[in-house]
Amino acid sequence: MTAAPLRARASVVVAIAIALAAWASAFVVIRAVADDFDPGALTLGRLAVAVIVLGIAQAVHGSWVRPSGRQWLLLGVFGVLWFLVYNLALNAAEHLLDPGTAALLVNVAPLIVALVAGTLLGEGFPRWLIIGAIVAFGGIAIIGAATATGSLSLLGVVLALIAAVTYAIAVLLQKPLLAALPGLQITLIGVAIGVVGSLPWGGALVAQLAAAPAASTIGVVYLGVVPTAIAFLAWAYALKRMPAGRLAITTYLVPVLATGMAWGLLGEVPPPLALLGGLVCLSGVALTRVRSTARAADETARAAATEVTRAEEPR
């Protein structure tokens, strides 16, 4: 392999690592500032910081491609779902759940991507997809048992799953947009839409900023700069260069990272039953990729055989 492909692969790996580490830290910081900022105010504060950072980056380095009418529609739905609804749901969930449990539930999203692709994109429902779905929903049932014992909030679980659904749909929308528009432009537009949607919480944000300690205000700024502006740009960079399904698998590391950070920084660990359910759920999501991975290997082998056959043909 030449130096150029190696550098390209390394840059994608670095982008993925940045996104995962930043998103894992977001679960911890959101929980840390939850006592000082309501879900709506935190959403507006985080996105307002991000739109400033992204706007400066766009002005200095970005190129602008005029979106078509259909692309504007996709951008609108993408912005509302991932930057408005997702943030509101996740922020509210973390008033009720520890960071590790919230991250585990949100990372059901790759399973949702697989199910939606099977239904709407004609990919069908292979055996491993069905098996993985059963295992994953078994994990959700275990989490439900933890909720029934009173050690976990049912409302928090529902809000985290709403965040997972909006995240999954947003990924499906973002992939085709990246084929036509720059990642920076897509992220900036999406965040700007989220800012507009969260403006009703402007008064609450001003009041809570005035009362919040400096550490919590710094936390809001951090959320806007690192897990939003930087992480979403890194994600867009990687998503443009690899299949969405393969990239989604990497997010399985986020709950592990978030749980470790929360344990070390906040002293919070998910209830044992909820942790077990989350791990079972993620195992089910991983199983849904078994057949597609095998299929990819088979297609690679067939392509290699075709090339050999062509090479052996008389010229």
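Residues numbered from 1 in each chain as written. Predicted model: local features only at pLDDT ≥ 70, side-chain atom pairs only at ≥ 80, totals over all residues. Heavy atoms only, no water.

## Focus: helix α8 (residues 183-197)
Helix length check: α8 (15 residues) gives 21 Å between terminal C-alpha atoms against 21 Å at 1.5 Å per residue, within 8%. In terms of residue burial, α8 counts as a mostly covered element, since 11 of its 15 residues are buried. Taken residue by residue, α8 has Gly 183, Leu 184, Gln 185, Ile 186, Thr 187, Leu 188, Ile 189, Gly 190, Val 191, Gly 194 and Val 195 as its buried positions. On the buried face of α8, the contacting elements are α2 (39-61), α3 (69-93), α7 (154-178) and α10 (214-241). (Helix = DSSP H or I, 4+ residues; strand = E, 2+ residues; numbered from the N terminus. Expected span 1.5 Å × (residues − 1). Buried < 20%, exposed > 50% of the residue type's maximum accessible area, 1.4 Å probe, protein only. Contact = heavy atoms within 4.5 Å.)

## Here we look at the packing of aromatic side chains
Considering all chains together, one arrives at 10 aromatic pairs under this definition. On the basis of an interplanar angle of 90 degrees and a centroid distance of 5.9 Å, the ring pair of Phe 78 and Trp 82 is categorised as edge-to-face. In this pair, Phe 78 and Trp 82 are both assigned in helix α3, four residues apart and thus about one turn of the helix distant. Like Trp 82, Phe 78 is buried. (Phe/Tyr/Trp six-rings, centres within 6.5 Å; stacked < 30°, edge-to-face > 60°.)

## Some words on the nonpolar core
Residues Phe 27, Trp 82, Tyr 86, Leu 90, Tyr 167 and Trp 235 are the most contacted members of the largest nonpolar core, which totals 81 residues. Other than its neighbours up to four places away in sequence, Trp 235 contacts Ala 19, Trp 23, Trp 82, Tyr 167, Val 171, Gln 174, Leu 247, Ala 248 and Thr 251. (Core = buried A, V, L, I, M, F, W, Y, C linked by side-chain atoms within 4.5 Å.)

## A few points about α3
Its 25 residues give α3 an end-to-end C-alpha distance of 35 Å, which sits within 8% of 36 Å, the value for a rise of 1.5 Å per residue. Where α3 bends most, the angle comes to about 30 degrees, and this point is Tyr 86. (Bend = angle between axes of the 7 residues up to and from the residue.)

## Here's the deal with the confidence of the model for the chain
In this model, the chain carries an average pLDDT of 82, and 80% of its residues clear a pLDDT of 70 or more. Per-element averaging of pLDDT across the chain places helix α14 (residues 290-312) at the bottom with 49 and helix α9 (residues 202-211) at the top with 97. Confidence drops under pLDDT 50 across residues 303-315; counting only partners more than four residues distant or on other chains, this segment forms one contact. (pLDDT = per-residue confidence, 0-100.)

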